[in-house]
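Examining the three-dimensional arrangement
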Amino acid sequence: MTAVVEARGVGKVFGRDADAVEALKDIDLLLSPGDFASLIGPSGCGKSTLLRLIGDLAVPSAGELTVNGKTPGQARLDRDYGMVFQSATLLDWRTVKKNVELPLEIMGFESASRAAKANEMLSLVQLERFASHFPWQLSGGMQQRVAIARALAFNPSILLMDEPFGALDEMTRELMQQEVLRIWEETATTVIFVTHSIPEAVFLSTRVLVMSPRPGRIGEEVTIDLPIRRDEDTREAPRYFELITEVREALRRGDRSEA
Amino acid sequence: MATRGMSRATRSGLSIIAVIVVFVALWEGYKLVWTALELTWPVRPDNRTVPHTWDIVGALFQPAQRNGPPLLWVELKAAFLTLREALVGFLIGGIVGFGLGVLFVRSATAERAFMPYVVASQTVPIIAIAPMVVVWGGRLAVPQWLTVSIIAAYLTFFPVVINTVRGLRSPEATSMELMRSYASTPGETLWKVQVPAALPYIFTALKVSAAASVIGAIVGELPAGFRGGLGRDLLQFSQQFTAAPQKLFAAVIIAGLAGIAFVGSVTLAEHRFVASARRQT
Amino acid sequence: MTERDDIIHESHETSVVTAFEGSATVGLLGQSAIRRFTGRYTPAVLAFLTVILVWEGLTRLFAVQSFILPKPSEIMASFIETSSTIWGVGLNTLIEAASGFLLGTTLAVATSLAAARWVGLREGMLPMAVALNATPIAALAPIFNNWFGLTNPFSKIGVVAVVVYFPVMINTTRGLLEVDPAELELMRSVAAPPTEVMRRVQIPSALPYFFASMKVATALSLIAAIIAEYFGGPQDVLGQYIVNRAQLFQFPDAWAAILVASLIGMAFYALILLAERVFMPWHVSMRRRE
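Criteria and cut-off values
Residues numbered from 1 in each chain as written. Chains lettered and ligands numbered in written order. Predicted model: local features only at pLDDT ≥ 70, side-chain atom pairs only at ≥ 80, totals over all residues. Pairing = 2+ DSSP bridges. Helix = DSSP H or I, 4+ residues; strand = E, 2+ residues; numbered from the N terminus. Axes fitted to C-alpha atoms, helices over the stretch in contact; angles between N-to-C directions. Contact = placed C-beta atoms within 7 Å. Nonpolar A, V, L, I, M, F, W, Y, C, P; charged D, E, K, R; others polar. pLDDT = per-residue confidence, 0-100.

Examining the sheet that holds strand 2 (residues 21-31) of chain A
All names here are of chain A. Read across the open sheet, the three strands follow the order 2-1-4; overall the sheet is antiparallel. In the strand order of this sheet, the two ends are held by strand 2 and strand 4 (62-67), each with one partner. Averaged over all neighbouring strand pairs, the angle between strand axes comes to 25°, with direction disregarded. In terms of strand pairing, strand 1 (residues 5-14) meets strand 4 through five bridges, oriented antiparallel. Looking at the pairing, alanine 7 lines up with leucine 65 of strand 4.

Shown next as structure tokens:
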């Protein structure tokens, strides 16, 4: 079973000489298929940078990084992953449905199968009724759901999510978290999720990777042993709160060691 | 006035009618009041200098020359001729400008080398030198309509280049990263994301260029003996002003409408290609 | 989303601003700025010199007659020889243009303030202004010539004023209206009367739009003056000079005069840039670009 993501000694430096900023250092990581891994840490710890390295939107300065056993570049060319950013980034001149079809158009699917797939994805995120609407007619949460539908349209094995719910209010956030778990289960993808909300990380993940501030390192890992099926009751379970405390303390330890 | 319930189109239509009514009222009012008070500054209110509005409109339906077709018809034909010249140049300038804009976005060197000229070209008052360019063209045995088209192309080309570049660069960085994550080719990124984002900018430039092209065409017709165009008629009626002032006013009105029609068509095209998706309630 | 429709030539003037700002900041900064400046502009300067040299070379090589394409050297020679004449006519035209510019701008600002204050006025005037802006306003020239007399400079000044009026009025009104709603709410919370709101919030907010339209207006005023001159009038103006030279096929002279027109236009524009720096030192576009 090939690891989905394998990192050894990965580092990333921005800028040169006196202006150089070491965003990441000595990242070692092994993610297995079906994981839901959250990257959490204080601002500037490099979690988004790490995600972007995995997605080949930036190149590591040091170390080895493989995705599905290939280079991130190859994985990108093979369309192994879908990405969801903090802002939905829908094209505002396209309808919701056409937005979901965008990657399919690029990947050369023909019209009929594109339409079918888009409908399927919109059903998955429960927005079929809005297929002919335009992005500006949808709320923030709905736009993000469209972004997720789009990211999954071509059945990638990996889903990269960079603080996708950061701009949403608490209630919408919790609903969206539930949605993501359902989608994860139905599509059997591996999810790498960046967040700075501890409850969110604990609620969603199977593993929480705690990062320390610049230069970013993966300090500790907290395995989330909550049952796979999670719902509103989970949010009130004692084990949930214990895990939140564990992650919080891990974050503090990471902070202190850099102080 | 309770205008809430009306659609935007109705309201615009009404406001246009209102403005015309106000304008006619001011015009006739000026004549009335100034005549009564026997004032002559800034303009004499007599029927020679300031004809009655109805005389002006009436002149449109009378023959321009003895036994000739009505003035309206003659001027519409002239407008058609003038606009045709402008249109050809406008289209060519727009297409070439767009192409150059795409080139500049793809090649930073090309942009750095040539963009300052694109910008500096705006300082050369081409509309102003249109007659000279036409004379020059005539000397080179270039047909007048072609020279005027070239002028229109020049007027359109540069604003379109600048706005195309701006528009092609307008999409958010995340949109571009998204396309990268799909391993999309530069061509696909161009047509699927950058060009649609650029359309509003390009149409802004086109609307301005359309208006400029019309003026350029009219002015370009001034020096040569180009019969049948708006510029020539304006000059001619200006000379006939003392005999028949209404003809000049009528011709000016037609020229104005020609400009509005040209720009209006571009605006309609804009609505077709751009505004539908972006109209915010 | 901002309405780009009526902000005329916005992108164009930003690029020109960049070009001018680059040259302005060189004097103020040190070595690295000069290096950056030359680095950025070298390809352009090289391209320009190449074009001039190739132009000169080819026209000499093929003995192209000056009525087909004048040589740069001929144009320069004419420029120097006829210097006093063309600057003289240039000045006359500039006076017409500047007077019309002032008149038109003043009327435009007055109307804008009124339109911003009273919604009814605005809804009536703005669509009409946008429509009229699309008309070949210079076609008014023959009417003004007949009304005010061919030799009366006001016949040209009037055309310039009308040409300048519309874009300045449209853009300034837009600027007065596109105020940050948060600022308006702030004013409301301290019970500020409308005149205060106008003074403290709307006018400062409108200044960038105003200056943007002023920059466009400088070019327009010069062009309008020249075009108005074509419809007849005294001979000692740029428009008449250019056309006369052209009709005599003295193209180097005509081009030299056009060069003068461009230079005057640039100077006029630079004047407005200066005014902008004085009145809006805080604005984003005034900050030093990296």
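The discussion continues.
Digging into the interface of chain C and chain B
Contacts between the two partners involve 53 residues from chain C and, on the opposite side, 55 residues from chain B. Every element with two or more residues in the side of chain C that touches chain B is listed here: helix 1 (10-28), helix 2 (31-61), helix 5 (119-133), helix 6 (141-148), helix 9 (194-230), helix 10 (238-247) and helix 11 (251-279) of chain C. With seven residues, helix 11 of chain C is the largest single contributor of residues to the side of chain C that touches chain B. Of the residues that constitute the side of chain C that touches chain B, the class distribution is 37 nonpolar, 12 polar and four charged.

Some points on the confidence of the model for chain C
Residues and elements named next belong to chain C. Scored by pLDDT, chain C comes out at a mean of 79, with 83% of its residues at no less than 70. Here residues 1-30 is a poorly scored stretch, pLDDT under 50, and it has 47 contacts once near neighbours within four places are set aside; other chains count. Confidence estimates for the predicted assembly give a pTM of 0.77 and an ipTM of 0.79.

Quick look at the sheet that holds strand 7 (residues 190-195) of chain A
Residue and element names in this part refer to chain A. Strand order in the open sheet formed by six strands is 5-6-7-3-8-9, with mixed pairing between adjacent strands. Each having just a single partner strand, strand 5 (81-84) and strand 9 (217-223) make up the two edges of the open sheet. On average, each strand axis in the sheet is inclined to that of its neighbour by 20°, with strand direction left out of account. With four bridges joining them, strand 3 (residues 36-40) and strand 8 (residues 207-212) adopt parallel strand pairing. Its bridge partner being in strand 8, isoleucine 40 is matched across the sheet by valine 210.

A word on the arrangement of the chains
Summarising the chain contacts, two pairs of chains touch, and the pair with the most contacts is chains B and C. For the non-touching pair chain A and chain C, the nearest C-alpha separation works out to 11 Å.

Points about the interface of chain B and chain A
Facing the 17 residues of chain B at the interface are 17 residues of chain A. Of the residues forming the side of chain B that touches chain A, the biggest block, six residues, is contributed by helix 7 (residues 173-181) of chain B.

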